[in-house]
Amino acid sequence: MTPRMITATVSSRARGAISAKTVSKMNFASLGRAPLRLTGSLNGRRVTSRDLQVAEATQELLGADVPEPDGVASDVSLFPPRKTAQGGGQLRNVDVPKVGLRKMGLHARGMLEDEAEDAHSVISEDDVVLVDQTRPRGKRRPRASLSTTKILGKDELTRQAQEIAADKENMHVRRSLIQSEISEVENKIKALDLIREQLDRDLLRIQEDELELDAELQGIQERLEFEQPTSKHHKSTFNTLPSRRRKGPVFLPSEHDELPPAMAFMTLEGHSTPITALDFSEPYGTLVSSSLDDPQPRVWDLMTGSEIGRLRGHRGGVKCVQVEDNLCLTGSEDGSIRLWDLRLVDDDWERGGLSDVLEEGSTTYHDGELIERSDYTKSGTASEAGTDYEGPCVRTFDGHSKAVSALYFEDECLVTGASDKTLRQWDLTTGQCVLTMDILWAISHSQVAPPGSQLPFSGAAAGTGTFAVPTPPYADGSWDMYQDFVGAVQFWGYGLVSGSGDGAVRMWDMRTGQAHRTLLGHTGPITCLQFDEIHIASGSLDKSIRIWDVRSGGVFETLKYDHGVTALQFDTRKIVAATGENGVKIYNRTTMQHSTLRTNGHTRPVDRLRYMDRYLASGGRDSTMKIWTL
C-alpha cells in the first residue's frame, strides 16, 4: 500500500473537520502517534468509530508491504540537501540509507536512542517509502549534500564529474543558441538601421529636389521679368542678368547628363603661372582666365576647350575678372579696370590686324602703350582712344592708385576695391566714378573693435605701410605673400558688402557711402565672400568659412578647414570652396556633409573657382583649369 492509499483510508468528513494547519502537519509520524492521542480527544473533538478503525489498522498498515508505483522517482531522498562542513559541493544521485515506515514511527515515539544506532540498523527494502519531492518548473533539482564522514569512492565521484561535465556542455549549447539569437536580432537591427538611413537619404534627396524646383521657378520668374519689354526705358547695352544671383538651374546640353558626376572632364592648358582669376558666361560658353604676372587674360571656348584669343591692354597682372553674357570686366595691378566686348575677340585682331585699319598719321596702340591720334594728342587710356581702332576693349576706368583686387558689376553699376584701401562706385555708361568709400575712415570711426584679434593691420597704422601678410602653407607646403587688402565685394540694390585685410566684413549704404554695420569674427584677411537675402558667406586665411545672418549680424554657421580659404560660392543647397588643397571642397547644406572633388583633378592646390548649378570651373597653382560635373 502506498502513502496515497494510506491517506485515502481517512474519510473526507474527518479531514474536513481538521484545521488546515493540522492537515499540513499530518504525516507518517503523526499516524504512529495516533493510538496515544486517541485516549483523549482529537484537537478537542470527540473520537468517532472511524478514528478507532484507523487506530486499530495502524499496526497492520505499518507491517504491510509498500510497493513502488510507476512514475515515482527512485533516486529522491527523503531528507532535504544539507551543506557539508567545508561548504562543499552537492552530490548527484547519492545512494542514502532507505527509511521505512516502522523506523519513522519508532522515531516519532522517541523509542530510538540516538542517531548513531540508526546508522548501524539494518532496514529491509520492503518497508521503504520513496517521497517524490516536487520542484518548481524551470529550476534544477538540488543535489544531495555530501557528508564529510561518508566515503563514496572513486567511481561515484567520477560519475558525478562526468554528469557535471555533461551539464556544462548542455549549458554551452544553450549559451550558443542564445548568442545566435542575439546575433540574429542584432543583424535585424542593423538591417533596419540601413533601411532607415536609406529612407533618410531619400527624404533629403526629395528636399533637395524641392529646393531645386523652387530655385528654378524663381529663376524663370526673374528671367521673365528681365526679358519683359518696357516702353518707358530703353534697354541699355550693359543690362545683363547677374549670373551670381541666378537661382534657377542652368539648362545644360543633354550630353552633360551622360557624364559621370564629381569628375573633371576637360582640362584647359596654356598659362605658365598659377591662376589668379577666372569666370565664364554660362556652361559650355566663354571663359576668361588670368594668371600671375600675366597682363593678358585669355579667352576660351568651353565647347571645344580651345583658346579664342587674348585681352591686350593692361600693363600689370590681372587679379579679378567678371563675365556676364558677352561683357567682361578685368581689374589689374596697374590700378585700372577695363570693360571688354568678348564678341570682338578673334585671332585676326590678336595677330596684328589692328595696324591695317589705322589711318595714316596714327600710332598703334598695343599692350597699354600711349597712342597718337590724328589730332596729334596722346592718350594712355582705351576709353579716349577707342574710336581710333576696333578692338575688344570698350572702356577703361582709372582712379585707383594701387592694384585693383576685387570688382562686381550689375546692370549699369560697377563697384571696385583696391589695395589703396578704398572702394569706388562707377557708372558703366559714362565711365565716371560716382562714389568713393574709404575703409580707413570706416575703421577709425568704427564703434566696435576686434576682440583680441592680432592682425598685422589695424586702424591708422595702415596709412604708413603696405599691407602684406604671409599666407598659411598650402597642402603642398608652398606659401605666398598676400597683398590684397580688399578681398571681395558684392552689392545688391543699395546694399554693399566688402571683406578686407583686417578680418572684418562691412555692410555699406551706397546712397551715403557709410559703413553701417561691421561683422567681426575672422582672425585673418577676408579673401572671398558672397551674400543673398538672408546670409553672407565669407572665407578667410584663418582657415574658416563663416555664414552670417544678415538680419541679426550673428554667425549662423562656421566651417573649419586645414588650410586657408581662397575662393567660395554658395546657393541654397551647397557651398563650394577652394581651401588650399588639390581637391575642391563641397559642403551640402541640407545633409551637412563634406565631400571633395579629386577625380582627374589638379596636381597642385586650387586657388580659384566658379560654378553654375552642375557645372564648375576651377583654377589651380598647377597653371591649369579644370571643368567639372557636379
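For the structure itself, consult the block above.
Just so it is clear, the model here is predicted, and its values are computed rather than measured.

1. Thoughts on the overall build of the protein
Argument step 1. Each helix and strand counted, the protein has 14 helices and 34 strands in total.
Argument step 2. Counting the 630 residues in the protein, one finds 43% classified as buried.
Argument step 3. Long-range pairs, those at least 24 residues apart, make up 53% of the contacts in the protein between residues at least 6 apart in sequence.
Argument step 4. For the protein, the accessible area works out to roughly 34,800 Å², and carbon and sulfur atoms hold 51% of it.

2. Section: the side chain of Ser290
Argument step 1. Within the secondary structure layout, Ser290 lies in strand β5 (residues 286–291).
Argument step 2. Judged by relative accessible area, Ser290 falls into the buried class, the value being 0%.
Argument step 3. Apart from the residues within four sequence positions on either side, Ser290 is in contact with His271, Ile275, Thr276, Ala277, Pro297, Val318 and Val321.

3. Brief notes about the sheet that holds strand β33 (residues 615–620)
The pairing of strands in a sheet comes from backbone hydrogen bonds and takes either a parallel or an antiparallel form.
Argument step 1. Within the open sheet, the 4 strands sit side by side as β3-β34-β33-β32. Their pairing is antiparallel. Strands with a single pairing partner mark the edges of an open sheet, and in this sheet they are β3 (263–269) and β32 (606–612). Strand-to-strand, the axes of this sheet are offset by a mean angle of 20 degrees, without reference to chain direction.
Argument step 2. Across 5 bridges, the pairing between β33 and strand β34 (residues 624–629) is antiparallel. In the sheet register, Leu616 faces β34, and the bridge partner there is Trp628.

4. Structural notes on the pattern of salt bridges
Argument step 1. This model, assessed by the stated rule, comprises 20 salt bridges.
Argument step 2. Its salt-bridge partner being Asp607, residue Arg621 comes within 3.6 Å of it at the nearest N-O pair. A residue pair is termed long-range when its members are at least 10 positions apart, and Arg621 in the loop between β33 and β34 and Asp607 in strand β32 qualify at 14 residues. The two residues Arg621 and Asp607 agree in class, both being buried.
Argument step 3. Several salt bridges share partner residues, and in doing so they unite Glu156, Arg159 and Glu163 into one network.

5. Describing the nonpolar core
Soluble, globular proteins show a tendency: their nonpolar side chains are buried together.
Argument step 1. In this structure, Leu423, Val489 and Leu496 are the most contacted members of the largest nonpolar core, which totals 21 residues.
Argument step 2. Sorting the residues of this core by element identifies β14 (404–410), β15 (413–418), β17 (433–438), α14 (439–444) and β20 (486–492) as the ones contributing at least two each.

6. What about the environment of Thr599?
Argument step 1. Note on placement: Thr599 falls in the loop between β31 (593–597) and β32.
Argument step 2. Beyond its immediate stretch of four places on either side in the chain, Thr599 contacts Ala262, Met263, Ala264 and Trp628.

7. Examining unusual backbone geometry
Argument step 1. Although it is not a glycine, Tyr284 sits at a positive phi angle of roughly 60 degrees.
Argument step 2. Within the element layout of this structure, Tyr284 appears in the loop between β4 (275–280) and β5.
Argument step 3. Phi is positive for Asp411, close to 55 degrees, though the residue is something other than glycine.
Argument step 4. With respect to the helices and strands, Asp411 occurs in the loop between β14 and β15.
Argument step 5. Among the residues examined, Asp411 registers a relative accessible area of 34% and is labelled partly exposed.

8. Things to note about the environment of Arg614
Argument step 1. Note on placement: Arg614 falls in the loop between β32 and β33.
Argument step 2. On the basis of relative accessible area, Arg614 is assigned to the partly exposed category, the value being 28%.
Argument step 3. The spacing of Arg614 and His256 is 358 residues in sequence and 9.1 Å in space, taken between C-alpha atoms.
Argument step 4. Beyond its immediate sequence surroundings of up to four residues, Arg614 is in contact with Leu252, His256, Asp257, Trp628, Thr629 and Leu630.

9. Focus on the packing of aromatic side chains
Here a ring pair, both rings aromatic, is described through the centre-centre distance and the interplanar angle of the planes.
Argument step 1. Across all of its chains, the model carries 9 aromatic pairs by this definition.
Argument step 2. Each ring, one from Phe280 and one from Tyr615, has its centre 5.4 Å from the other, and the planes form 75 degrees; the classification is edge-to-face. Taken together, the residues Phe280 in strand β4 and Tyr615 in strand β33 connect sequence positions 335 residues apart.
Argument step 3. With a relative accessible area of 0%, Tyr615 lands in the buried category.
Argument step 4. With a centroid separation of 5.0 Å and 55 degrees between ring planes, the pair formed by Tyr284 and Tyr615 is classed as tilted. Note that Tyr284 is positioned in the loop between β4 and β5 and Tyr615 in strand β33, a separation of 331 residues in sequence.
Argument step 5. Overall, the relative accessible area of 16% leaves Tyr284 in the buried class.
Argument step 6. Three or more aromatic residues joined by ring pairs make a cluster, and in this case those are Phe265, Phe280, Tyr284 and Tyr615.

10. Things to note about the layout of surface pockets
Argument step 1. In this structure, the second largest pocket occupies an estimated 1,200 Å³ of space.
Argument step 2. As for the second largest pocket, its lining consists of 47 residues, of which Thr276, Lys319, Ser405, Asp484 and Arg608 are closest to the centre.
Argument step 3. Those elements giving two or more residues to the lining of the second largest pocket turn out to be β4, β8 (318–324), β14, β19 (481–482), β20, β24 (526–531), β28 (567–570) and β32.
Argument step 4. Of the residues contributing to the lining of the second largest pocket, the split by class is 23 nonpolar, 13 polar and 11 charged.

11. Focus: the pairing of strand β29 (residues 574–578)
Argument step 1. β29 sits mainly inside the fold: 5 of its 5 residues count as buried.
Argument step 2. By the alternation rule, side chains of β29 split into Lys574, Val576 and Ala578 and Ile575 and Ala577, which are all buried.
Argument step 3. Pairing between β28 and β29: 4 bridges, direction antiparallel. What sits directly across from Leu568, in β29, is Ala577.
Argument step 4. As paired strands, β29 and strand β30 (residues 584–588) are joined by 4 bridges and run antiparallel to one another. Paired with Lys574 across the strands is Asn588, a residue of β30.
Argument step 5. Hairpin geometry of β29 and β30 is characterised by an intervening segment of 5 residues between the two adjacent antiparallel strands and by a positive phi of about 75 degrees at Gly580.

12. Brief notes about the sheet that holds β20
Argument step 1. As summarised here, the arrangement of the 4 strands in space is β20-β21-β22-β23, forming an open sheet in which the pairing is antiparallel. The open sheet terminates on both sides in strands that have one partner only, identified here as β20 and β23 (514–519). For this sheet, the mean inter-axis angle between neighbouring strands, taken without regard to orientation, is 20 degrees.

13. Some words on the side chain of Glu557
Argument step 1. Relative to the elements of secondary structure, Glu557 occurs in strand β27 (residues 555–560).
Argument step 2. For the buried residue Glu557, which engages in no salt bridge, the nearest side chain bearing the opposite charge is Arg589, 5.6 Å off.
Argument step 3. With residues up to four places along the chain from it excluded, the contact list for Glu557 reads Ile545, Arg546, Ile547 and Tyr587.

Here is what the cut-offs are and how they apply
- Residues numbered from 1 in each chain as written.
- Predicted model: local features only at pLDDT ≥ 70, side-chain atom pairs only at ≥ 80, totals over all residues.
- Heavy atoms only, no water.
- Helix = DSSP H or I, 4+ residues; strand = E, 2+ residues; numbered from the N terminus.
- Buried < 20%, exposed > 50% of the residue type's maximum accessible area, 1.4 Å probe, protein only.
- Contact = heavy atoms within 4.5 Å.
- Areas by Shrake-Rupley, 256 points an atom, 1.4 Å probe, with all protein chains shown as cover.
- Pairing = 2+ DSSP bridges.
- Axes fitted to C-alpha atoms, helices over the stretch in contact; angles between N-to-C directions.
- Salt bridge = Lys/Arg side-chain N within 4 Å of Asp/Glu carboxyl O.
- Core = buried A, V, L, I, M, F, W, Y, C linked by side-chain atoms within 4.5 Å.
- Phe/Tyr/Trp six-rings, centres within 6.5 Å; stacked < 30°, edge-to-face > 60°.
- 1 Å grid on protein atoms, 1.4 Å probe; cavity = no way out; pocket = protein on both sides within 12 Å on 5 of 7 lines; lining within 4 Å.
- Points joined across faces, edges and corners; volume = space filled by probe spheres on them.
- Nonpolar A, V, L, I, M, F, W, Y, C, P; charged D, E, K, R; others polar.
- Lys, Arg positive; Asp, Glu negative; His and termini not counted.

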